[in-house]
Amino acid sequence: MSTPITISHKPNWMKINLSGTENYRDLKQLVRQQGLNTVCEEARCPNIHECWGERQTVTFMILGDTCTRACAFCAVNSGRPG
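Residues numbered from 1 in each chain as written. Predicted model: local features only at pLDDT ≥ 70, side-chain atom pairs only at ≥ 80, totals over all residues. Heavy atoms only, no water.

Draft legend 1. Summary view of the overall build of the protein chain. Secondary structure assignment for the protein chain yields three helices and two strands. If you list the helices and strands of the protein chain from N to C, you get α-α-α-β-β. The C-alpha atoms of the protein chain give 17 Å as radius of gyration, which overshoots the globular expectation for 82 residues (12 Å, by more than 25%). Dimensions of the protein chain, computed from C-alpha atoms along their principal axes, come out at roughly 60 × 35 × 15 Å. Residue burial in the protein chain is summarised as follows: out of 82 residues, 20% are buried. Relative to all contacts within the protein chain whose residues are 6 or more apart in sequence, the contacts with residues 24 or more apart total 40%. Entry remark: accessible area of the protein chain is about 7000 Å², with carbon and sulfur atoms responsible for 53%. Taking the average location of the 9 positive side-chain charges in the protein chain and that of its 7 negative ones, the two points are 7 Å from each other. (Helix = DSSP H or I, 4+ residues; strand = E, 2+ residues; numbered from the N terminus. Rg over C-alpha atoms; globule rule 2.2 N^0.38 Å. Buried < 20%, exposed > 50% of the residue type's maximum accessible area, 1.4 Å probe, protein only. Contact = heavy atoms within 4.5 Å. Areas by Shrake-Rupley, 256 points an atom, 1.4 Å probe, with all protein chains shown as cover. Lys, Arg positive; Asp, Glu negative; His and termini not counted. Charge placed at Lys NZ, Arg CZ, Asp CG, Glu CD.)

Draft legend 2. The arrangement of unusual backbone geometry in detail. We note that R44 has phi near 55 degrees; this positive angle belongs to a residue other than glycine. For R44, a relative accessible area of 65% corresponds to the exposed category. Of note in this structure, Q56 is not a glycine but carries a positive phi near 55 degrees. Along the chain, Q56 falls in the loop between helix 3 (48-55) and strand 1 (66-67).

Draft legend 3. Structural detail: the packing of helix 1 (residues 22-34) against helix 3. Relative orientation of the contacting elements helix 1 and helix 3 amounts to 100 degrees, with a least axis distance of 7 Å. Classified by the interaxial angle, the pair formed by helix 1 and helix 3 is roughly perpendicular. Packed against helix 1, whose contacting residues are N23, Y24, L27, K28 and V31, the element helix 3 presents I48, H49, W52 and G53 at the interface. (Axes fitted to C-alpha atoms, helices over the stretch in contact; angles between N-to-C directions. Parallel < 35°, antiparallel > 145°, perpendicular 65-115°, else oblique.)

Draft legend 4. A look at helix 1. Compared with the 18 Å implied by 1.5 Å per residue over 13 residues, the 18 Å span of helix 1 between its first and last C-alpha is a close match. Among all positions of helix 1, only Y24, L27 and V31 are buried. Seen end-on, helix 1 carries its buried residues on one side only, within an arc spanning 70 degrees. Turned more than 90 degrees away from the buried face of helix 1 sit E22 and Q33, all of them exposed. Where helix 1 is buried, its residues contact helix 2 (39-42) and helix 3. One or two positions beyond helix 1, positive phi appears at G35, with a value near 65 degrees. (Expected span 1.5 Å × (residues − 1). Arc of directions from axis to C-beta.)

Read these as layout, nothing more, since geometry by itself doesn't imply function.
In structure tokens:
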């Protein structure tokens, strides 16, 4: 028989606050109010809380929610923008 694997918890520096900071919530509200599309949301970026919450940085998509490129690693819808 093999030895059982012990799973330990992640260290605190690897954890993020998914509830979001005030900066994150403010930027999200602003993006919604203005009807903007962001690469951050469309690509389902795992670092969105770090960029929006800590650095207050947002990357916009100027052609709407569709990208003209079809990168295999990306979650953004690709095709011809309307």
